[in-house]
There are 2 protein chains.
Amino acid sequence: MSRLLLFSLLYLFPPFILAGFSQLMNSPPIDSENRVTLTVNAPNAKEVKVINLSDTDAMGAAEYSLSKGEDGIWSVQTNPCRPGFHYYNLSIDGFECADPKSQLYFGWGKWTSGLEVPEPTPSFYTPRGEPKGEVTTHWYSSSATNTTRKCLIYTPPGYRSQTGVKYPVLYLQHGAGESELGWTMQGKVNVIMDNLIAEGKAKPMIIVMDNGYAADPASSNPSRPEAKDNRFEENLINELMPAVEANYRTLTGRKYRAIAGLSMGAGQAQRVGFAHLDLFSAIGAFSGGARDFDIETAFGGIFQDEDYFHKQVDLYWIGCGEQDFLYEGAKMQHLALAGKGIQHEWHVMQGSHEWQVWRRHLYEFAQKVFQP
Amino acid sequence: MSRLLLFSLLYLFPPFILAGFSQLMNSPPIDSENRVTLTVNAPNAKEVKVINLSDTDAMGAAEYSLSKGEDGIWSVQTNPCRPGFHYYNLSIDGFECADPKSQLYFGWGKWTSGLEVPEPTPSFYTPRGEPKGEVTTHWYSSSATNTTRKCLIYTPPGYRSQTGVKYPVLYLQHGAGESELGWTMQGKVNVIMDNLIAEGKAKPMIIVMDNGYAADPASSNPSRPEAKDNRFEENLINELMPAVEANYRTLTGRKYRAIAGLSMGAGQAQRVGFAHLDLFSAIGAFSGGARDFDIETAFGGIFQDEDYFHKQVDLYWIGCGEQDFLYEGAKMQHLALAGKGIQHEWHVMQGSHEWQVWRRHLYEFAQKVFQP
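1. Let's talk about the overall build of chain A
Link 1 in the chain: For chain A, the helix and strand inventory stands at ten helices and 17 strands.
Link 2 in the chain: Structurally, chain A occupies a C-alpha span of about 70 × 50 × 45 Å along its principal axes.
Link 3 in the chain: Counting across all 372 residues of chain A, residues that qualify as buried make up 60%.
Link 4 in the chain: Intrachain contacts of chain A at a sequence separation of at least 6 include 70% that bridge at least 24 residues.
Link 5 in the chain: Accessible surface computed for chain A: about 14,300 Å², of which carbon and sulfur atoms make up 51%.
Link 6 in the chain: Separation between the mean location of the 32 positive side-chain charges and that of the 41 negative ones in chain A comes to 4 Å.

Okay, structure coming up:
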């Protein structure tokens, strides 16, 4: 009853409504040097820690121990954090959870705390003015999974008014443990694309972001299937793509379709893309290096016939952060491709296995794809 | 480094990717009698509880104490839970947080655990087949708040193909502590509307769901403003409505605009709606009773002139659950309106201050609004 009483008071005394319950309060404060102050109300805990889920430099340390104040509130001010998006968790005497005072994002297989640490100056992912694109949640029935699936679809500025215009389509995949929400919530896909299109640096395009997990309902444990039971390719080709082309003003034909993804999604983009060069002409692999890359056998042996590859593939774009744990694999892949004379774009930047790199990858890839 | 190693293993051995990280795993199991099994990995905790944030009946008890198993995992099986959507939290030695193993929803001013307890048979909010509507995230620049705001916009099945058709618009508000996401994530607005439209029970309509908090940037503390600094009305009338009508195929004029909301949003819908009967002709108040309702002074005295009220208002719909803590206020409002002969719809159902009631309210309201 105390909670209903609280709710009742909040309802009856509106000044408290906004003060207590604004979504705006929902980020830990960050000072001018990008030091973040985290506070935790755990009155009976013996040890409270912040666990940085990215590389050490992201938040200035791999973890922080909080101190308990006289008011019973635990707190810490971090070292300066690197600009960009960083996942973190709390540990309360070994119980690991999201920070109730932070914005949450779907990553690591669950809702996880995320910090957006600002750039010193406006960047390519800073929202500018109008016009803006939109991101639509599109639900559709899937036979491959026997579920109603949802994907997110970016449409560029002007899509609703310029009803005679058709657009090329990029299918863009998230990484392991994330979902169809990743590219919008963590990746700011709409801001990056709106800015690029406004500056004339990228073709206006539709971007389709579905979930990379598509469990076969016949698998022994449909709620926790193995990868062999992932019907992602079948779902994408037979269900998602027709649904998109039936409902959106798409330019059709392989010249106007690209597929890209990050980490696990990079593998999916390459596997599905190279298996369906009748459907796709451009492929992007963001932070997707594989240490066992063999140029003769990789992706169905697609690199064996250079002439066919160069005839069919308008853009093969590979990028990786230099501090990424997959960097050596990505670099080996690049060197093998270069050694065989396979045309591709190779993009290295500072950064680890993190969204700041993938935002930049999208920014670079989007300027190359669908160009004459 | 251990987490990067884990990530590396997950990347290199794909069978584990789907097993460990599927979004599908993200709900506690519910048995055929709607008993929910909750498990918590808190090895060093002394006391772990589940706190039901709704009325006692929602989850069969106000709270549950979990027991620690030999494997160190705490668990409990609840009593049978009532069908519908229920918020809950965990308490770990007094530290209150969302359940890392549940789906989260924005409510109570932060990301909070939610249980979707199934109906015994398909209901009005069970997804059916095609065609389906969509929900679009629309960003726009707001001078009232000096921010980029986002709202969610439901468009009915066929919106993208039937390009000559225009639609009436319902502005639909969430409750205190929730956000623009509430009506879609908790409320299943798209499923309810798709079903009603397919059955010919509701007019196809556009539904605009913005955030009810619109903080004045000049307030002394913009990140935690008081209610007097809420520019919701100005934002809605001067910024949101023009943006919607410029970008969506709307029927314009007051006959084709309605405003409704739940709890705090019910108050907003009535305050803004009755103050702008030049713009709106239908108003819905879901679980919004006020105990101090005075029919002479309420909402700018709108009920004083019955003839004007009846000429301007096509639908005034009030509903409340009989177990809602606001029920007596809502009933008093209904009786006062009836006593003065003010036409209105009054809908009572079983339920408390909860989403199951608001889903039903939308279901009923949508069948009455925009009807000849």
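The rest of the description comes next.
2. Observations concerning the side chain of Ser102 of chain A
All names here are of chain A.
Link 1 in the chain: Within the secondary structure, Ser102 is located in the loop between strand S7 (95-97) and strand S8 (103-107).
Link 2 in the chain: Residue classification places Ser102 among the buried positions, given a relative accessible area of 1%.
Link 3 in the chain: A polar atom in the side chain of Ser102 sits 3.0 Å from the backbone oxygen of Asp99.
Link 4 in the chain: A polar atom in the side chain of Ser102 sits 2.7 Å from the side chain of Ser113.

3. What to know about the pattern of salt bridges
Residue and element names in this part refer to chain A.
Link 1 in the chain: One pass over the full model with this rule turns up 38 salt bridges over all chains.
Link 2 in the chain: Of the charged contacts in the structure, one is a salt bridge between Asp31 and Arg35, with a shortest N-O distance of 2.8 Å.
Link 3 in the chain: Residues joined by salt bridges that share partners form a network here, namely Asp31, Glu33 and Arg35.

4. Considering the pairing of strand S9 (residues 110-117) of chain B
Within a regular strand, side chains alternate between the sheet's two faces.
Residues and elements named next belong to chain B.
Link 1 in the chain: Of all eight residues that make up S9, six are buried, and the element is covered over most of its length.
Link 2 in the chain: Sheet topology places strand S6 (residues 84-92) next to S9; five bridges connect them, and they run antiparallel. Residue His86 lies in a different strand from S9, and its bridge partner there is Leu115.
Link 3 in the chain: Here strand S8 (residues 103-107) pairs with S9 via five bridges, running antiparallel. When the sheet's bridge partners are listed, Leu104 is paired in S9 with Ser113.
Link 4 in the chain: Between the antiparallel neighbours S8 and S9 lie two residues, among them Trp108 with a positive phi of about 60°.

5. Some details on the packing of aromatic side chains
Link 1 in the chain: According to the stated counting rule, one finds 49 aromatic pairs over all chains in the structure shown.
Link 2 in the chain: Through a chain of ring-to-ring contacts, three or more aromatic side chains come together here, namely Trp183, Phe286, Trp317, Trp355, Trp358 and Phe365 of chain A.
Link 3 in the chain: Sitting over the face of the ring of Tyr125 of chain A, Arg359 of chain A holds its NZ or CZ atom 4.5 Å from the ring centroid.
Link 4 in the chain: The cationic tip of Arg249 of chain B hangs over the ring face of Tyr159 of chain B; the distance from NZ or CZ to the ring centre is 4.1 Å.

6. Description of the side chain of Gln103 of chain A
Link 1 in the chain: In this structure, Gln103 of chain A sits in strand S8.
Link 2 in the chain: There is a polar contact of 2.5 Å between the side chain of Gln103 of chain A and the side chain of Trp111 of chain B.

7. With respect to the sheet that holds strand S1 (residues 35-40) of chain A
Hydrogen bonds between backbone atoms are what pair the strands of a sheet, whose relative direction is either parallel or antiparallel.
All names here are of chain A.
Link 1 in the chain: Sheet architecture is open: three strands sit in the order S1-S5-S4, paired in antiparallel fashion. Two strands bound the open sheet, and with one partner strand each, they are S1 and strand S4 (67-68).
Link 2 in the chain: Note: S4 against strand S5 (residues 74-80), two bridges, orientation antiparallel. Its bridge partner being in S5, Lys68 is matched across the sheet by Trp74.

8. Overview of the environment of Trp317 of chain A
Link 1 in the chain: With respect to the element layout, Trp317 of chain A can be found in strand S16 (residues 315-321).
Link 2 in the chain: Taking the C-alpha atoms as reference, Trp317 of chain A lies 5.7 Å from His344 of chain A; in sequence the two are 27 residues apart.

9. Brief notes about helix H5 (residues 189-198) of chain B
Link 1 in the chain: Counting buried positions along H5 of chain B gives nine out of ten residues, so the element sits mostly inside the fold.
Link 2 in the chain: Where H5 of chain B terminates, the next one or two residues include Gly200 of chain B, which has phi positive at roughly 70°.

10. So, the packing of H5 of chain B against helix H11 (residues 355-368) of chain B
All names here are of chain B.
Link 1 in the chain: Packing of H5 against H11 brings their axes to within 10 Å, and their N-to-C directions diverge by 35°. In the packing of H5 onto H11, the handedness of the crossing is right-handed. Between H5, through Val189, Ile192, Met193 and Leu196, and H11, the contact on the second element is made entirely by Arg359, Leu362, Tyr363, Ala366 and Gln367.
Link 2 in the chain: A breakdown of the residues in the contact of H5 with H11 according to their chemical character gives seven nonpolar, one polar and one charged.

11. Some words on the sheet that holds strand S1 (residues 35-40) of chain B
Residue and element names in this part refer to chain B.
Link 1 in the chain: Sheet architecture is open: three strands sit in the order S1-S5-S4, paired in antiparallel fashion. Strand pairing shows two members of the sheet lacking a second neighbour, S1 and strand S4 (67-68), which therefore form its edges.
Link 2 in the chain: In the sheet, S1 pairs with strand S5 (residues 74-80) via five bridges, with the strands oriented antiparallel. Within S5, the residue paired with Arg35 across the bridge is Pro80.

12. Concerning helix H7 (residues 264-275) of chain B
Residues and elements named next belong to chain B.
Link 1 in the chain: Between its first and last C-alpha atoms H7 spans 17 Å; for twelve residues at 1.5 Å apiece the expected length is 16 Å, and the two agree.
Link 2 in the chain: Within H7, ten of the twelve residues are buried, which leaves the element mostly enclosed by the surrounding structure.
Link 3 in the chain: Within H7, the full set of buried residues consists of Met264, Gly265, Ala266, Gly267, Gln268, Ala269, Gln270, Val272, Gly273 and Phe274.

Parameters at a glance
Residues numbered from 1 in each chain as written. Chains lettered and ligands numbered in written order. Predicted model: local features only at pLDDT ≥ 70, side-chain atom pairs only at ≥ 80, totals over all residues. Heavy atoms only, no water. Helix = DSSP H or I, 4+ residues; strand = E, 2+ residues; numbered from the N terminus. Buried < 20%, exposed > 50% of the residue type's maximum accessible area, 1.4 Å probe, protein only. Contact = heavy atoms within 4.5 Å. Areas by Shrake-Rupley, 256 points an atom, 1.4 Å probe, with all protein chains shown as cover. Lys, Arg positive; Asp, Glu negative; His and termini not counted. Charge placed at Lys NZ, Arg CZ, Asp CG, Glu CD. Polar contact = N/O pair within 3.5 Å; in protein donor to acceptor, adjacent residues only side chain to side chain. Salt bridge = Lys/Arg side-chain N within 4 Å of Asp/Glu carboxyl O. Pairing = 2+ DSSP bridges. Phe/Tyr/Trp six-rings, centres within 6.5 Å; stacked < 30°, edge-to-face > 60°. Lys NZ or Arg CZ within 6 Å of the ring centre and 35° of its normal. Axes fitted to C-alpha atoms, helices over the stretch in contact; angles between N-to-C directions. Left-handed = near helix turned anticlockwise from the far one by under 90°. Nonpolar A, V, L, I, M, F, W, Y, C, P; charged D, E, K, R; others polar. Expected span 1.5 Å × (residues − 1).

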